[in-house]
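What follows is each chain in one-letter form.
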Amino acid sequence: MSLKFKYTSGLLGLFLFCTSLASAQTSASSYSAIGIGDFNYYGSTHNAAMGGLGVSNGNVLFFNTVNPALVAKHNIGIFQAGVNYENRSLSNGTLEQPVDGGGLTYLGLGLPMKPGKWSIALGLNPVTTVNYNLSIPAEQIGGTEFSAENNIKGTGGMTEAYVTNAFRIKDNFYIGLKMSYLFGSIIEQNIQTIVDDNGFPVGNQTEYYDRQSFSDFSAQLGVAYNYKLKDQLFLNFGAAYQFDADINTRRFLSVGLLDNQNSGVPIGDTLINDRQNFVSLPGRSSFGISIEKSFNWTFGVDVHLRDMTSYRGFDGVTENFDNAYSVIVGGEFTPDYTSSESRLKTWIYRFGVSYDKTPYLIGSQQINDVGINFGVSVPVRQISMLNVALKAGQRGTLDNGAIRENYFRVALGVTINDTSWFIKRKFD
């Protein structure tokens, strides 16, 4: 049995093992209560360290999940996985509440079928995340001494399992197609408690339970071109389009009393029993340009556009959405990747600034998200990497009854390349 076959099998086994641990619960935000949750656009850990930059810039040592065309640059086998942790401070101007979330965020396996010409990639990525817990202050029930308190909790999200085929058509032109299977579920629970004028519960609680389960396919097409300015200096262009998708959705809806003396089991009526319909998700266009000196530095700009006014929820329900766009400016720098004098010179240092005009409208106020990003990749065993990304940002406003979120996110990733294994074996 060849060393290459054993190593590839090992990468595949590691990928399948980690797949069983994957979860879409990667962040926390009150705005994830709207639509099908908070969209995850920031790519792998090395992309996140640059604010999500990756439409035009690809690196043979890393997995590109932003533009499928750049998978064709992978001339070696790559496995990568990432986890993150996010902490948010929510404020309405009067009250503040901390929330957090995190977990395994992505998995990817890249395999060169014909190195330099055709590569494939498969993996798991979170598409949306729902993670919120909102408490509505008690409101008096008219004509009585009782008040109603509501606690609304949402969990879940949508995940994609994808396969990408990417080709190098000519020396500097790339094209790729990512086919994804979308799956997952979102659960919302609204528990209402009746309290007397002393704040003590009266009777049983009422639960409103709503579950939407997703199962369908989607596609993303990408292209990229590298124009050589001079030796090792390139001007890169990239574009990608995530196609519209009518996502097959099943909904279960019930309302009933929680029997608190019997483990909180709801006793009530089923209003919708796994009825099938669709959620219509608009397409997303991405454009990028970057300038790069090979294995030294890269600086680029990405723009993403999505018309969320055409979004439709289950049964054609509309949301208070507007057009959304993102602008990302970022880059990376390696002082000297061949240095034997200082390991710090071989590290890849990254930075980025991101501005998101989210689709969320609160009254007439559209919610913005601004973030500053930093990160580093540390070589391990020649060209495998440990990746770190940090982001500090703010989303929302205190105007028009909206919520402002100050947040901090840390992402950790590992990239395992097969060349490092071969080098070790050679000298053993």
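What counts, and where the lines are drawn
- Residues numbered from 1 in each chain as written.
- Predicted model: local features only at pLDDT ≥ 70, side-chain atom pairs only at ≥ 80, totals over all residues.
- Heavy atoms only, no water.
- Phe/Tyr/Trp six-rings, centres within 6.5 Å; stacked < 30°, edge-to-face > 60°.
- Helix = DSSP H or I, 4+ residues; strand = E, 2+ residues; numbered from the N terminus.
- Buried < 20%, exposed > 50% of the residue type's maximum accessible area, 1.4 Å probe, protein only.
- Lys NZ or Arg CZ within 6 Å of the ring centre and 35° of its normal.
- Patch = residues over 30% accessible without salt bridge, like charges linked within 9 Å, V, L, I, M, F, W, Y side chains within 5 Å.
- Areas by Shrake-Rupley, 256 points an atom, 1.4 Å probe, with all protein chains shown as cover.
- Salt bridge = Lys/Arg side-chain N within 4 Å of Asp/Glu carboxyl O.
- Contact = heavy atoms within 4.5 Å.
- Polar contact = N/O pair within 3.5 Å; in protein donor to acceptor, adjacent residues only side chain to side chain.
- Pairing = 2+ DSSP bridges.

S.K.: Go over the packing of aromatic side chains, please, and point to the residues and values.
M.R.: Per the stated rule, a full pass over the model turns up twelve aromatic pairs. On the numbers, 6.0 Å between centres and 15° between planes, the contact of Trp118 with Phe167 is stacked. Taken as a pair, Trp118 in strand E4 (residues 118–140) and Phe167 in strand E5 (residues 147–170) lie far apart in primary sequence, 49 residues in all. Given the relative accessible area of 27%, Trp118 is considered partly exposed. Residue Phe167 is classed as partly exposed on the basis of its relative accessible area of 35%. Seen in terms of ring centroids, Tyr209 and Phe252 are 6.1 Å apart; in terms of plane orientation they differ by 70°. Their pairing is edge-to-face. Within this pair, whereas Tyr209 is found in strand E7 (residues 205–230), its partner Phe252 is found in strand E9 (residues 245–259), the two being separated by 43 residues in sequence. Residue Tyr209 shares its accessibility class with Phe252, and that shared class is buried. Three or more aromatic residues joined by ring pairs form one cluster here, namely Tyr31, Tyr311, Phe321 and Tyr360. Above the face of the Tyr407 ring, Arg88 is positioned so that its terminal group lies 4.3 Å from the ring centre.

S.K.: For a nonpolar patch on the surface, give the residues involved together with the corresponding values.
M.R.: Together, Phe287, Phe299, Leu305, Tyr325, Val327, Val329, Phe351, Val353, Ile372, Phe374, Leu390 and Phe408 line one region of the surface with nonpolar side chains, adding up to about 1000 Å² of accessible area. The set of elements that each furnish at least two residues to the nonpolar patch consists of strand E12 (297–307), strand E13 (323–333), strand E14 (348–362) and strand E15 (365–380). With three residues, the top contributor of residues to the nonpolar patch is E13.

S.K.: I'd love a proper account of unusual backbone geometry, names of residues and values included.
M.R.: One non-glycine residue with positive phi stands out, namely Gln232, at about 65°. By secondary structure assignment, the location of Gln232 is in the loop between E7 and strand E8 (233–242). Not every positive phi belongs to a glycine, and Phe295 is a case in point at roughly 60°. Mapped onto the elements, Phe295 comes out in the loop between strand E11 (284–293) and E12. Judged by relative accessible area, which is 44%, Phe295 ranks as partly exposed.

S.K.: I'd like a description of the environment of Tyr132, backed by residues and values.
M.R.: Within the secondary structure layout, Tyr132 lies in strand E4. As for Tyr132 and Asp100, which are separated by 32 residues in sequence, their C-alpha atoms are 9.5 Å apart. In this view, Tyr132 contacts Ser29, Ser30, Ser32, Ala33, Ile152, Lys153, Gly154 and Glu188; residues no more than four positions away in its chain are not counted. Within polar-contact distance, the side chain of Tyr132 engages the side chain of Glu188 at 2.8 Å.

S.K.: How would you explain the pairing of strand E6 (residues 173–195) if you had to name every residue and give the values?
M.R.: One ladder, built from 23 bridges, connects E5 with E6; its direction is antiparallel. In the sheet register, Ile152 faces E6, and the bridge partner there is Asn190. Between the end of E5 and the start of E6, which pair antiparallel, lie two residues. The pairing of E6 with E7 spans 20 bridges and is antiparallel. Bridging from a neighbouring strand, Lys178 pairs with Gln220 of E7.

S.K.: Could you give me a rundown of the pattern of salt bridges, with the residues and numbers involved?
M.R.: The final tally for this structure, using the stated rule, is ten salt bridges. Here Asp38 makes a salt bridge to Arg395, at a shortest N to O gap of 3.1 Å. In this pair, Asp38 sits in strand E1 (residues 38–39) while Arg395 sits in strand E16 (residues 384–395), placing the two residues 357 residues apart along the sequence. Neither residue differs from the other here; Asp38 and Arg395 are each classed as buried. With its nearest N and O atoms 2.6 Å apart, the salt bridge here joins Arg409 to Glu86. Of this pair, Arg409 sits in strand E17 (residues 404–417) while Glu86 sits in strand E2 (residues 78–91), and the two are 323 residues apart along the sequence. Per residue, the accessibility class of Arg409 equals that of Glu86, and both read buried. One salt-bridge network, in which partners are shared between bridges, spans Glu86, Arg88, Glu405 and Arg409.

S.K.: Hey, could you go over the pairing of E11 for me, with residue numbers and the actual values?
M.R.: Residues Arg284, Ser286, Gly288, Ser290 and Glu292 line the buried face of E11, whereas the alternating positions Ser285, Phe287, Ile289, Ile291 and Lys293 sit on a face that is not buried. Relative to E11, E8 is paired through ten bridges, and the arrangement is antiparallel. Within E11, the position partnered with Ala240 by the bridge is Ser286. In the sheet, E11 pairs with E12 via ten bridges, with the strands oriented antiparallel. Looking at the pairing, Lys293 lines up with Trp297 of E12. As consecutive antiparallel partners, E11 and E12 are separated by three residues, and within that stretch Phe295 has a phi angle of approximately 60°, a positive value.

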